[in-house]
Amino acid sequence: MKISLGLPLPGAGALASGVSSSRATPLVPASLVGLADKYGRRATDMRLSLTDKCNLRCTYCMPADGLDWLTKQHVMTGNEIVRLVRIGVEQLGIRELRLTGGEPLVRADLVNIIRAIRTSHADLPISLTTNALGLEKKAQALKDAGLTRINVSLDSLHPDTFAQLTRRPVLNRVMAGVEEADRVGLGLIKINAVLMRGVNDNEAPQLLDWALTRGFELRFIEQMPLDADHGWTRKGMISAAEIRQLLEPDFVLTPDRRQREGAPAERWEVRRRGAGGAPGVKVAGTVGIIASVTEPFCSDCRRTRITAEGKVRSCLFSHEETDLLGLLRAEADDGVIARRWQEAMWGKPKAHGMDNTGLDSADYVQPERTMSAIGG
Ligand code: SAM
Ligand code: SF4
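Residues numbered from 1 in each chain as written. Chains lettered and ligands numbered in written order. Predicted model: local features only at pLDDT ≥ 70, side-chain atom pairs only at ≥ 80, totals over all residues. Heavy atoms only, no water.

### Here we look at the overall build of the protein chain
Alright, step 1. When you go through the protein chain residue by residue, the secondary structure sums to twelve helices and 14 strands.
Alright, step 2. Residues counted as buried form 56% of the 376 residues belonging to the protein chain.
Alright, step 3. Within the structure as shown, the protein chain displays about 16100 Å² of accessible surface, and the carbon and sulfur contribution to it stands at 51%. (Helix = DSSP H or I, 4+ residues; strand = E, 2+ residues; numbered from the N terminus. Buried < 20%, exposed > 50% of the residue type's maximum accessible area, 1.4 Å probe, protein only. Areas by Shrake-Rupley, 256 points an atom, 1.4 Å probe, with all protein chains shown as cover.)

### Quick notes on helix α4 (residues 135-145)
Alright, step 1. If you check which residues of α4 are buried, you get L135, A139, L142 and A145. Here the buried residues of α4 occupy an arc of 135° about the axis, which is enough to place them on one side. Opposite the buried face of α4, at more than 90 degrees from it, the exposed residues are K137 and D144.
Alright, step 2. Of the surrounding elements, those touching the buried residues of α4 are α3 (110-120), β5 (126-130), β6 (149-153) and α6 (171-184). (Arc of directions from axis to C-beta. Contact = heavy atoms within 4.5 Å.)

### Overview of the side chain of T44
Alright, step 1. Summarising the element assignment, T44 is placed in the loop between β2 (42-43) and β3 (45-49).
Alright, step 2. T44 has contacts with G93, I94, R95, E96 and R302, leaving out every residue within four places of it along the chain.

### Notes on the site of ligand 2
Alright, step 1. The local shell around ligand 2 consists of C54, L56, C58, C61, M62, G102, N131 and S372.
Alright, step 2. Its residues assigned to classes, the shell around ligand 2 comprises five nonpolar, three polar and no charged. (Near = heavy atom within 4 Å. Nonpolar A, V, L, I, M, F, W, Y, C, P; charged D, E, K, R; others polar.)

### Considerations on the pairing of strand β12 (residues 303-306)
Alright, step 1. Burial along β12 is two-sided: R303 and R305 and T304 and I306, pointing in opposite directions, are all buried.
Alright, step 2. Alignment of β3 against β12, held across four bridges, turns out to be parallel. Within β12, the position partnered with R47 by the bridge is R305.
Alright, step 3. Here β12 runs beside strand β13 (residues 311-313); their pairing, made up of two bridges, is antiparallel. Its bridge partner lying in β13, R305 is registered against R313.
Alright, step 4. Taking the residues that link successive antiparallel strands as the turn, the β12-β13 hairpin has four residues, and the phi of G310 there is positive, at about 75°. (Pairing = 2+ DSSP bridges.)

### Observations regarding the nonpolar core
Alright, step 1. One finds L48, L142, L154, F220 and W341 to be the most contacted residues of the largest nonpolar core, which totals 101 residues.
Alright, step 2. Other than its neighbours up to four places away in sequence, L48 contacts M76, I81, V85, L97, R98, L99, T100 and I306. (Core = buried A, V, L, I, M, F, W, Y, C linked by side-chain atoms within 4.5 Å.)

### Let's talk about helix α7 (residues 204-214)
Alright, step 1. If you check which residues of α7 are buried, you get A204, P205, L207, L208, W210, A211 and L212.
Alright, step 2. Once α7 ends, the next one or two residues include G215, with phi positive near 80°.

### Quick notes on the pairing of strand β8 (residues 217-221)
Alright, step 1. The element β8 is largely enclosed, with a buried count of five among its five residues.
Alright, step 2. Of the two faces of β8, the one holding E217, R219 and I221 and the one holding L218 and F220 are both buried throughout.
Alright, step 3. Across five bridges, strand β7 (residues 190-194) lies against β8 in parallel orientation. Across the sheet, the residue bridging to A193 is F220, located in β8.
Alright, step 4. In terms of handedness, the path from β7 via α7 over to β8 forms a crossover that is right-handed. (Right-handed = clockwise from strand over helix to strand, strands pointing away.)

### Describing the environment of L27
Alright, step 1. Among the secondary structure elements, L27 is positioned in the loop between α1 (14-17) and β1 (35-36).
Alright, step 2. For L27, a relative accessible area of 62% translates into the label exposed.
Alright, step 3. Sequence spacing of L27 and E343 is 316 residues, and the spatial spacing of their C-alpha atoms is 9.8 Å.

### Thoughts on the packing of α3 against α4
Alright, step 1. Direction vectors running N to C along α3 and α4 enclose 20°, while the axes themselves pass 8 Å from each other. Between α3 and α4, the interaxial angle falls into the category roughly parallel. Classified by chirality, the crossing of α4 by α3 is right-handed. Touching L110, V111, I114, R115 and R118 of α3 are A141, L142 and A145, all from α4.
Alright, step 2. Across the contact of α3 with α4, the residue classes tally to six nonpolar, no polar and two charged. (Axes fitted to C-alpha atoms, helices over the stretch in contact; angles between N-to-C directions. Parallel < 35°, antiparallel > 145°, perpendicular 65-115°, else oblique. Left-handed = near helix turned anticlockwise from the far one by under 90°.)

### As for the site of ligand 1
Alright, step 1. The full set close to ligand 1 counts 18 residues, and Y60, G102, E103, S153 and M224 are the nearest of them.
Alright, step 2. The side chain of E103 places a nitrogen or oxygen atom 3.1 Å from a nitrogen atom of ligand 1.
Alright, step 3. For ligand 1, the accessible surface in isolation is 550 Å², of which the surrounding protein chains cover 95%.
Alright, step 4. For the shell around ligand 1, the elements supplying multiple residues, two or more each, are β5 and β7. (Polar contact = N/O pair within 3.5 Å; in protein donor to acceptor, adjacent residues only side chain to side chain.)

### Focus on the pattern of salt bridges
Alright, step 1. A complete count under the given rule lists 21 salt bridges for this structure.
Alright, step 2. Its salt-bridge partner being R244, residue E295 comes within 3.2 Å of it at the nearest N-O pair. One end of the pair, E295, is in the loop between β11 (279-290) and β12; the other, R244, is in helix α8 (residues 240-247), and 51 residues separate them in sequence.
Alright, step 3. Each of R83, R86, E90 and D334 takes part in one network of salt bridges that share partners. (Salt bridge = Lys/Arg side-chain N within 4 Å of Asp/Glu carboxyl O.)

### Details of the side chain of K348
Alright, step 1. Note on placement: K348 falls in the loop between α10 (334-346) and α11 (356-360).
Alright, step 2. Buried within the structure, K348 lacks any salt-bridge partner; D37 is the closest side chain of opposite charge, at an N-O distance of 5.5 Å.
Alright, step 3. At 2.8 Å, the side chain of K348 forms a polar contact with the backbone oxygen of S314. (Lys, Arg positive; Asp, Glu negative; His and termini not counted.)

Dropping the structure here:
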């Protein structure tokens, strides 16, 4: 399918396309505060990818054979990561840090990176998005280093379905990781689940029941067209509306009235249904649904993304990237790096163009980078 994101293509003009470069273009205000963009948003939530490598091969993310991994020299070192975080927090108003990948747990220096960030930023919430493989051995050290909490990606509670989705038969190890994280107090644990039609969509109520029972917060994520195999289709994906329908026989969902405050997930209060399908009395907890495709939340987006090789992406679906690693390695001043980052974010597109209308009118181009290489 020929699809176009509805954004200007690279080379169509630096500012119009959101491309930022070392030259301060005249339309970027000289007196920018924080990571503002020209649509009035300000990014305060930093998503930082620590690696593009992963030990699973989730079908909606990675090809079976993996990808051509970055070589070590192209990946930011621990010191470079710590410096970028410091610049983000001290100069650009970053208030929250999420470490992701690829799989961040495959980085041998993960605990040291977190410890170093925590030493400089006592109050910064630091979370980790992980597939939990190997977490069993590292949870305590991560907690001790100053990690605030984790998000675990878990799409199935059945070993065979899990193996089909991730192409690795390791559900028991993932579960051991979740248990240990819970034991050491890396909570509130959030569970991310992507539903795939005909594979695990029948598990939606079971996943929610399990998460509620364990005191975890489950968030369903709509499958996005960011997979390496280009297997995503609009018809094939399970929409937020459908996810709510899948939960309905077992749960009563009512909108959670709390402020969303830039969170990607729309939260719902859930009650288990009583006998005969009657609504239960007690609120059992909440469920989140991240409807990036069908109910996008671009107008309130507060995220800035840095890839493992130190490139700013103002949006998950962006076609533009701005290199900061070159500046770091050229020993540029903090102010120069901060300014380049600001310029990149100033060009953040208004929206990803991937709503229902855009898709149906073939108005979306999949970025070259896949989810694992961006840092989801
Ligand atoms: N490896 C870690 C993990 O799986 O949690 C961190 C990186 S992964 C790219 C981050 C999140 O992106 C996971 O929750 C995963 O389910 C989600 N993800 C990956 N590909 C996706 C896609 N095509 N659509 C929606 N979510 C996706
Ligand atoms: Fe790896 Fe996470 Fe992608 Fe699955 S979703 S392949 S665990 S990076």
